[in-house]
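Residues per chain, in single letters:
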Amino acid sequence: MKTVIHVITPIITRGIRQLDDLRELERPDLEVRHSLLDKGPASIESEFDEALSVPDTITKAMRAQREGAHAIVIDCMGDPGLDACREAVSVPVLGPCQSSMHAAGLLAHSFGFITVLGRLRPLIDNMASKYGLSAKYASFQAIDIPVLEISDDVEELNEALTDKALTAVQRDGADALILGCTGFLGCAAAMRRGLLDAGLDVPVIDPIPLTVHMADTLIKTGLSHSKRTWPIPEIKALAGYDLPGFSV
């Protein structure tokens with residue numbers, strides 16, 4: 001059976017993520033589908049942006065399940081709507097931040113998180129605590145390039161990420177690194193080379209490939225999230241939302 005994994009990019013900006021970006025993750029037995037939001041923020045760089053992205057993320061997750069997806073990946077390191085989507089659907093729903101932090105905890109005793117803007121530190125600190133990994137969370141670094149500008153100069157981006165990676169490892173003691181924005185897709189190889197050139201052999205996690213393959217593993221082993229932890233919501237009156245099966 002071919003596995004179908006649906007990636008939801010929870011913003012409205014066209015072109016920032018395209019299905020072609022994900023094609024290299026496909027195999028004869030693995031199909032990747034993709035959707036953007038119709039309603040929501042241009043990018044996610046705050047709790048405010050995340051909150052605005054959640055309603056249509058839920059809608060897209062429900063639609064993906066109806067259209068045959070075996071698992072859903074939310075394409076943002078804030079994991080927006082992760083818990084709500086797990087309540088709304090029965091197929092596995094994975095967030096790249098939770099997946100990457102737990103993988104980093106498997107690969108090393110400490111990890112660093114390198115993202116776009118310094119203002120995200122409280123959000124990421126809170127997520128490390130929520131996911132039970134504060135003790136292994138050694139470093140937060142930001143390159144101070146907004147999400148919508150990270151593709152403007154790839155060479156500059158890779159240099160900035162590598163510089164922050166060296167700081168996270170050499171100064172802060174991180175023994176694994178997480179690319180802290182899914183817009184950094186494909187940058188892990190350059191970071192890894194820069195670290196090795198400095199004599200630092202530490203893993204660099206590219207969140208979207210990792211999370212897609214984790215979702216595939218869950219499907220192949222017949223696992224999904226617990227409905228005791230994320231029970232199906234009660235049916236009630238909902239104003240302004242088109243959520244088949246969840247409103248009267």
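As a reminder, the structure under discussion sits directly above these lines.
First, a word on what this report is: a plain description of the structure on this page. (Residues numbered from 1 in each chain as written. Predicted model: local features only at pLDDT ≥ 70, side-chain atom pairs only at ≥ 80, totals over all residues. Heavy atoms only, no water.)

## A short note on the packing of aromatic side chains
Part 1: Inspection of every chain in the model, using the stated rule, returns one aromatic pair.
Part 2: The cationic tip of Arg86 hangs over the ring face of Trp230; the distance from NZ or CZ to the ring centre is 4.6 Å. (Phe/Tyr/Trp six-rings, centres within 6.5 Å; stacked < 30°, edge-to-face > 60°. Lys NZ or Arg CZ within 6 Å of the ring centre and 35° of its normal.)

## Considering helix H7 (residues 207-220)
Each α-helix turn comprises 3.6 residues. Residues three or four places apart therefore point the same way.
Part 1: Between its terminal C-alpha atoms H7 stretches 20 Å, which fits the 20 Å expected from 14 residues at 1.5 Å a residue.
Part 2: For H7, the set of buried residues is Pro207, Ile208, Pro209, Thr211, Val212, Ala215, Asp216 and Ile219.
Part 3: Positive backbone phi, at 70°, marks Gly222, one or two positions downstream of H7. (Helix = DSSP H or I, 4+ residues; strand = E, 2+ residues; numbered from the N terminus. Expected span 1.5 Å × (residues − 1). Buried < 20%, exposed > 50% of the residue type's maximum accessible area, 1.4 Å probe, protein only.)

## Things to note about the environment of Pro10
Part 1: For Pro10, the position within the fold is in the loop between strand E1 (3-9) and strand E2 (30-36).
Part 2: Remark: the alpha-carbon pair of Pro10 and Leu133, spanning 123 residues in sequence, is separated by 25 Å.
Part 3: The contact partners of Pro10, leaving out residues within four places of it in the chain, are Leu37, Pro41, Ile44, Ser53, Thr57, Ile74, Asp75, Cys76 and Pro80. (Contact = heavy atoms within 4.5 Å.)

## So, the sheet that holds E2
The strands making up a sheet associate through hydrogen bonds between their backbones, and the pairing can be parallel or antiparallel.
Part 1: On the basis of which strands lie adjacent, the open sheet formed by four strands has the order E2-E1-E3-E4 and parallel pairing. Both outer strands of the open sheet, E2 and strand E4 (93-94), are each paired with one neighbouring strand and no more. (Pairing = 2+ DSSP bridges.)

## Some points on the sheet that holds strand E6 (residues 137-142)
Part 1: If you trace the four strands from one edge of the open sheet to the other, you get E6-E5-E7-E8, paired in parallel fashion. Unpaired on one side and paired on the other, E6 and strand E8 (204-205) mark the two borders of the sheet.
Part 2: Pairing analysis gives five bridges linking strand E5 (residues 111-115) to E6, with the strands arranged parallel. Following the sheet pairing, Phe111 is matched in E6 by Tyr137.

## Here we look at a negative patch on the surface
Part 1: Negative charge collects at one region of the surface, where Glu149, Asp152, Asp153, Glu155, Glu156 and Glu159 lie side by side.
Part 2: Residue placement: Glu159 occurs in helix H5 (residues 154-170).
Part 3: Take Glu159: its relative accessible area is 51%, and that puts it in the exposed class. (Patch = residues over 30% accessible without salt bridge, like charges linked within 9 Å, V, L, I, M, F, W, Y side chains within 5 Å. Areas by Shrake-Rupley, 256 points an atom, 1.4 Å probe, with all protein chains shown as cover. Salt bridge = Lys/Arg side-chain N within 4 Å of Asp/Glu carboxyl O. Lys, Arg positive; Asp, Glu negative; His and termini not counted. Charge placed at Lys NZ, Arg CZ, Asp CG, Glu CD.)

## As for the environment of Asp56
Part 1: Among the structural elements, Asp56 can be located in helix H1 (residues 47-66).
Part 2: Put simply, Asp56 and Cys181 are 125 residues apart on the chain and 20 Å apart in space, counted from C-alpha to C-alpha.
Part 3: Setting aside its immediate chain neighbours within four residues, Asp56 contacts Leu37, Asp38 and Lys39.
Part 4: A distance of 3.3 Å separates a polar side-chain atom of Asp56 from the backbone nitrogen of Lys39. (Polar contact = N/O pair within 3.5 Å; in protein donor to acceptor, adjacent residues only side chain to side chain.)

As far as function goes, none of this settles anything; it's purely spatial.
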